[in-house]
Amino acid sequence: MNWSDYEAAWRRQELPVGIGADLSTLRATFEAKSRTMYGALLVRDLAESGAGLVVVGAYVFFWWQLKAAGWPMAIAIALILGVSGFFVRERLRARRMRLGADAPLLAKVEADIAELRHQRRLLRTVWAWYLAPCAVAIAIQVAVIIHRLPSWDPLREPAIFLAFFAFFALVFWFAWHINRRALRKRIQPRLDELEKLRDDLLSES
């Protein structure tokens, strides 16, 4: 699981300019960009929660095959369910906080600012609530496999173990990297734009 779907949905738009954006352009494009943002979040939440349920199904099947010996998989399942539940909660929160089409422009801009700040916090702490639980779940699965196959000792075949570790380390690094890139190139510049637009709207009131 990663946020590539989230970033891909944003690629349909040009990169935000940031604080130097033209105010008239910000006004003219606000509604369309706001819809795209919420659409991207919808794609992310549905994709991530759905992927988590697929992983849980695979873990349940793996545990069923191992019978009682696979009991540590219950911890891995709980961790993945926790991650999926997080995205379900995000979807419910976004629906609850979304303003109606008849809301004033200033209120909509402030709502988008609040949403972007929330997404910024999520991206900055992605290791704590997303990557770490997934990594622990994978480590549990590997430990169960090693325990189930006592004839295979990773210390006697370090190349296989190191290759496995390097592969997943690369996967998790890439997930972290695309999140940091989305924060740097998408979230923060768009937040700067909307804060500039909000200040302009406030000066008119």
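Residues numbered from 1 in each chain as written. Predicted model: local features only at pLDDT ≥ 70, side-chain atom pairs only at ≥ 80, totals over all residues. Heavy atoms only, no water.

J.: What am I meant to see in a nonpolar patch on the surface here?
T.: Taken together, the side chains of Trp127, Leu170, Trp173, Phe174 and Trp176 make up a nonpolar region of the molecular surface, amounting to roughly 540 Å² of accessible area. With 4 residues, helix H6 (residues 158-204) is the single largest residue contributor to the nonpolar patch. Its location among the elements puts Phe174 in helix H6. Among the residues examined, Phe174 registers a relative accessible area of 42% and is labelled partly exposed. (Patch = residues over 30% accessible without salt bridge, like charges linked within 9 Å, V, L, I, M, F, W, Y side chains within 5 Å. Areas by Shrake-Rupley, 256 points an atom, 1.4 Å probe, with all protein chains shown as cover. Salt bridge = Lys/Arg side-chain N within 4 Å of Asp/Glu carboxyl O. Helix = DSSP H or I, 4+ residues; strand = E, 2+ residues; numbered from the N terminus. Buried < 20%, exposed > 50% of the residue type's maximum accessible area, 1.4 Å probe, protein only.)

J.: Mind showing me how you'd approach the environment of Ile140 here?
T.: Within the secondary structure, Ile140 sits in helix H5 (residues 126-148). Distance from Ile140 to Ala74, taken between C-alpha atoms, is 9.6 Å for residues 66 residues apart in sequence.

J.: For this particular structure, what's the right way to read the pattern of salt bridges?
T.: Where side chains of opposite charge bring their charged atoms close, a pairing between them can arise. Within the structure shown, the criterion is met by 11 salt bridges. We note a salt bridge from Lys108 to Glu31, for which the minimum N-O separation is 3.0 Å. On the criterion of sequence distance, the pair formed by Lys108 in helix H4 (residues 105-124) and Glu31 in helix H2 (residues 23-66) is long-range, its members being 77 residues apart. The exposure class of Lys108 is buried, given its relative accessible area of 13%. For Glu31, a relative accessible area of 33% gives the class partly exposed. Close ionic contact of Arg93 with Glu115 constitutes a salt bridge, the shortest N to O distance being 2.7 Å. Placement of the pair is Arg93 in helix H3 (residues 73-97) and Glu115 in helix H4, with a sequence separation of 22 residues. For the pair formed by Arg93 and Glu115, the shared burial category is buried. It is possible to trace a salt-bridge network through shared partners that takes in Arg44, Asp45, Glu90, Arg91, Arg93 and Glu115.

J.: How should the side chain of Ser49 be read in this particular structure?
T.: You can see Ser49 is positioned in helix H2. On the basis of relative accessibility, which here comes to 11%, the residue Ser49 falls in the buried class. Looking at Ser49, its side chain comes within polar contact range of the main-chain oxygen of Asp45, at 2.7 Å. Reaching out from Ser49, the side chain makes a polar contact with the backbone oxygen of Leu46 at a distance of 3.2 Å. Excluding its chain neighbours within four sequence positions, the residues that come into contact with Ser49 are Ser84, Phe87 and Val88. (Polar contact = N/O pair within 3.5 Å; in protein donor to acceptor, adjacent residues only side chain to side chain. Contact = heavy atoms within 4.5 Å.)

J.: I'm lost on the packing of H3 against H5 in this one. Help?
T.: In a pair of packed helices, the angle between the axes and the distance between the axes together describe the arrangement. The interhelical angle for the contact between H3 and H5, taken along N-to-C directions, is 160°, at an axis separation of 8 Å. In terms of their interaxial angle, H3 and H5 are classed as roughly antiparallel. The two elements H3 and H5 meet at a crossing, and its hand is left-handed. Contact residues: H3 offers Met73, Ile75, Ala76, Leu79, Ile80, Val83, Phe86 and Phe87, while H5 offers Trp129, Tyr130, Pro133, Cys134, Val136, Ala137, Ile140, Gln141 and Val144. (Axes fitted to C-alpha atoms, helices over the stretch in contact; angles between N-to-C directions. Parallel < 35°, antiparallel > 145°, perpendicular 65-115°, else oblique. Left-handed = near helix turned anticlockwise from the far one by under 90°.)

J.: Which parts of the structure should I look at to understand the environment of Met97?
T.: Within the element layout of this structure, Met97 appears in helix H3. For Met97, a relative accessible area of 48% puts it in the partly exposed group. Each C-alpha atom, one on Met97 and one on Asp112, is 9.9 Å from the other, the two residues being 15 residues apart in sequence.

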